[in-house]
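Commentary on secondary and tertiary structure
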Amino acid sequence: MSQLKTYAERAALHKNPSAKRLFELMERKQSNLSASVDVTTKAELLRITEAIGPYIVVLKTHIDILSDFDADTAVQLTRLADKHDFLIFEDRKFADIGNTVKLQYSSGVHKIASWAHITNAHIVPGEGIVKGLAEVGVPLQRCLLLLAEMSSKGSLATGEYTLEALRIARRNKDFCVGFIGQRRLEGLIPNETGEEEDFIYMTPGVQLGSKGDGLGQQYRTPREVVLECGCDVIIVGRGIYGSGDLVENAKVYQKAGWDAYLERVGRK
Ligand code: S5P
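Residues numbered from 1 in each chain as written. Predicted model: local features only at pLDDT ≥ 70, side-chain atom pairs only at ≥ 80, totals over all residues. Heavy atoms only, no water.

What follows concerns the side chain of Q254. Tracing the backbone shows Q254 in helix α10 (residues 246–264). Setting aside residues no more than four positions away along its own chain, Q254 makes contact with K29, Q30, S31, L33 and Y55. (Helix = DSSP H or I, 4+ residues; strand = E, 2+ residues; numbered from the N terminus. Contact = heavy atoms within 4.5 Å.)

The following block contains the structure:
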């Protein structure tokens with residue numbers, strides 16, 4: 001039951017260097033908060049990231065929504081990641097055959113693999129998508145999350161599809177460190193690999209004081225996600241940058257996520 005261990009204990013036990021690094025970072029910053037900064041200009045992205053950097057462990061980007069992306073955007077994001085000690089997660093949601101995603105990950109305007117520590121993929125095309133991304137990502141010590149479930153109403157990522165994400169992750173543990181999901185999955189099917197496993201669950205659809213957005217998004221609280229469902233990292237977008245004071249909002253979610261974690265591991 002890895003969710004009952006502390007992040008420090010999980011860091012010490014984990015065999016994957018990227019997962020280890022994330023758990024160590026969470027312990028060091030006393031944070032399990034990922035901010036999703038879904039804004040459309042470079043200046044806005046950098047301004048918000050600079051302000052909330054001290055409170056987050058993962059900055060989640062949608063780099064393709066920037067109207068003025070340039071190579072310097074990646075340089076500046078990397079500088080902020082070093083300055084404030086967080087990892088960058090490009091939420092690219094790859095969804096094509098292995099050969100195509102390899103090119104999308106390494107090339108084009110964004111060259112995602114060159115700056116994003118973490119990215120994610122749908123498993124719609126089958127396991128080849130993971131193999132293709134791994135060819136680019138593993139040599140660069142990057143890591144991958146599989147979309148096992150989605151937060152949105154009517155999501156088709158359920159049942160057998162979700163279980164298949166778990167099976168694929170189990171077979172690709174050198175690159176795939178966890179999931180985007182709404183709850184822990186390990187217990188749903190026996191682990192036939194016989195190896196220790198400790199996947200990281202990053203969970204979007206988190207906001208205090210709202211249940212949804214009118215476009216299908218569904219929100220739960222940090223407490224529901226971390227304490228009741230055993231997830232590890234809360235992903236908060238508009239709850240942080242949508243209204244009010246950015247820094248105050250980030251502090252509120254950092255504390256709510258961390259308190260729920262402390263309660264889960266019996267430290268509170
Ligand atoms: O199931 C999902 C998976 C993801 S990665 N549901 C999501 O909402 N996301 C992403 O999380 C989504 O693309 C957006 O960037 C963020 C949620 O933003 P918020 O403003 O609703 O908190």
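The rest of the description comes next.
Turning our eyes to something else, we now look at the pairing of strand β7 (residues 200–203). Burial along β7 is two-sided: I200 and M202 facing one way and Y201 and T203 facing the other are all buried. Relative to β7, strand β6 (residues 176–180) runs parallel, the two sharing three bridges. Across the sheet, residue I180 finds its bridge partner in β7, namely M202. In the sheet, β7 pairs with strand β8 (residues 233–236) via two bridges, with the strands oriented parallel. Across the sheet, the residue bridging to T203 is I234, located in β8. Note on the crossover from β7 through helix α8 (residues 222–228) to β8: the handedness is right-handed. (Buried < 20%, exposed > 50% of the residue type's maximum accessible area, 1.4 Å probe, protein only. Pairing = 2+ DSSP bridges. Right-handed = clockwise from strand over helix to strand, strands pointing away.)

On to the site of the ligand. Surveying the vicinity of the ligand reveals 14 residues, the closest of which are D38, K60, S151, Y219 and R238. K60 is positioned with one of its side-chain polar atoms (N or O) 2.7 Å from an oxygen atom of the ligand. Within the side chain of S151, a nitrogen or oxygen atom sits 2.7 Å from a nitrogen atom of the ligand. When isolated, the ligand has an accessible area of 490 Å², and the protein chains bury 91% of it. Residue composition of the shell around the ligand, by class: four nonpolar, five polar and five charged. (Near = heavy atom within 4 Å. Polar contact = N/O pair within 3.5 Å; in protein donor to acceptor, adjacent residues only side chain to side chain. Areas by Shrake-Rupley, 256 points an atom, 1.4 Å probe, with all protein chains shown as cover. Nonpolar A, V, L, I, M, F, W, Y, C, P; charged D, E, K, R; others polar.)

Let's shift gears to α10. Taking 1.5 Å of rise per residue, 19 residues should cover 27 Å, and α10 covers 27 Å from first to last C-alpha, within 8% of that figure. Those residues of α10 that sit buried are L246, N249, A250, Y253, Q254, G257, W258, A260, Y261 and R264. Seen end-on, α10 carries its buried residues on one side only, within an arc spanning 160°. The N-cap of α10, judged by a side-chain oxygen 3.2 Å from the amide nitrogen of V247 a few residues on, is D245. (Expected span 1.5 Å × (residues − 1). Arc of directions from axis to C-beta.)

With that out of the way, let us pick up the nonpolar core. Core analysis: the largest hydrophobic core is formed by 84 residues, its most contacted members being I52, L133, L146, F179 and M202. Per-element tally for this core: the top contributor is α10, with six residues. Aside from chain neighbours lying at most four places away, what touches I52 is A35, V37, I240, L246 and A250. (Core = buried A, V, L, I, M, F, W, Y, C linked by side-chain atoms within 4.5 Å.)

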